[in-house]
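Understanding the architecture of this molecule
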Amino acid sequence: MEIGRLAARGVIGALFIGHGTQKLFGWFGGPGLQGTEQMMDALQMRPTRAHALAAGVTETAGGALLLLGAATPLAAASLIGTMVTAIRKVHQPHGVWAAQGGWEYNAVLIAALLALVDAGPGDLSVDATLGHEEWGPGWALGGLALGVSASFAAIAIGGRGGPAQGAPSADGTVGEATRADTAGDPVTAADDD
């Protein structure tokens, strides 16, 4: 049995389930769907409800699939997509290091997900039961490409929804602030992504 892969799947998958349920239901001290919508508004991801649901469901379902070692390339691709979006919308302006709000943690998760796809989820997994004990580098690169593409699509779609808080609209006016104090600032609120 490959204990390292099982441990990685367990920890990473469970934490993503936690992050997803924070966004959807407010579990584990999370903002819930309303707070996640407000965060999406601050990040200019519109329509906010659709993006909030997509982020929460993707993290929860992707984490569950990863935990089970089921459809590992698809699970990794979905989680990579959320990490790339978090990097692009929240962490990139702050540089590399997490201590300054940067993207290092997201990059570590992406690398771990790629390693799990390449090596496979291990013996104790749904994939192994179905004959996919390992997937290989082609599947890992495919998962990366799919995740990055999904992130670019989500951000492109999200940018069409109108002005965000403090963003000028076409007529030069500034958009209304709609974020509740409980949502925190976008960097803090989305830092768990």
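Right above here is the structure, for reference.
Overview of the structure. (Residues numbered from 1 in each chain as written. Predicted model: local features only at pLDDT ≥ 70, side-chain atom pairs only at ≥ 80, totals over all residues. Heavy atoms only, no water.)

Points about the nonpolar core
Counting residues in each nonpolar core, the largest one holds 17 residues, and the members touching the most others are Ile-12, Phe-16, Leu-66, Ile-80, Ile-110 and Leu-113. Elements with a contribution of two residues or more to this core: α1 (3-25), α4 (72-91) and α5 (104-119). It is α4 that provides the largest number of residues to this core, a total of seven residues. Residues Leu-24, Met-39, Met-40 and Met-45 belong to the second largest nonpolar core, which totals 10 residues. (Core = buried A, V, L, I, M, F, W, Y, C linked by side-chain atoms within 4.5 Å. Buried < 20%, exposed > 50% of the residue type's maximum accessible area, 1.4 Å probe, protein only. Helix = DSSP H or I, 4+ residues; strand = E, 2+ residues; numbered from the N terminus.)

Structural notes on a nonpolar patch on the surface
Nonpolar side chains collect at one region of the surface, where Leu-67, Leu-68, Val-126 and Leu-130 lie side by side and expose about 360 Å² of accessible area between them. Here Val-126 is to be found in helix α6 (residues 126-129). (Patch = residues over 30% accessible without salt bridge, like charges linked within 9 Å, V, L, I, M, F, W, Y side chains within 5 Å. Areas by Shrake-Rupley, 256 points an atom, 1.4 Å probe, with all protein chains shown as cover. Salt bridge = Lys/Arg side-chain N within 4 Å of Asp/Glu carboxyl O.)

So, helix α7 (residues 137-158)
With 22 residues, α7 ought to run about 32 Å at 1.5 Å a step, and its terminal C-alpha atoms sit 31 Å apart, in line with that. Turning to α7, its buried residues are Ala-140, Gly-143, Gly-147, Ser-151, Ile-155 and Gly-158. Considered in projection along α7, the buried side chains sweep an arc of 95° and stay on one side of the axis. The outward face of α7, more than 90 degrees from its buried face, is lined by the exposed residues Gly-138 and Leu-141. (Expected span 1.5 Å × (residues − 1). Arc of directions from axis to C-beta.)

Here's the deal with the side chain of Gln-22
If you trace the backbone, Gln-22 turns up in helix α1. Here Gln-22 falls in the buried class, since its relative accessible area comes to 13%. For Gln-22, the side chain forms a polar contact with the side chain of His-19, separated by 3.2 Å. (Polar contact = N/O pair within 3.5 Å; in protein donor to acceptor, adjacent residues only side chain to side chain.)

Re a negative patch on the surface
Judged by side-chain charge, Asp-118, Asp-123, Glu-133 and Glu-134 come together as a negatively charged surface patch. Among the secondary structure elements, Glu-134 is positioned in the loop between α6 and α7. Taking the relative accessible area as the measure of exposure, Glu-134 reaches 59% and is therefore exposed. (Lys, Arg positive; Asp, Glu negative; His and termini not counted. Charge placed at Lys NZ, Arg CZ, Asp CG, Glu CD.)

By themselves these figures say nothing about function.
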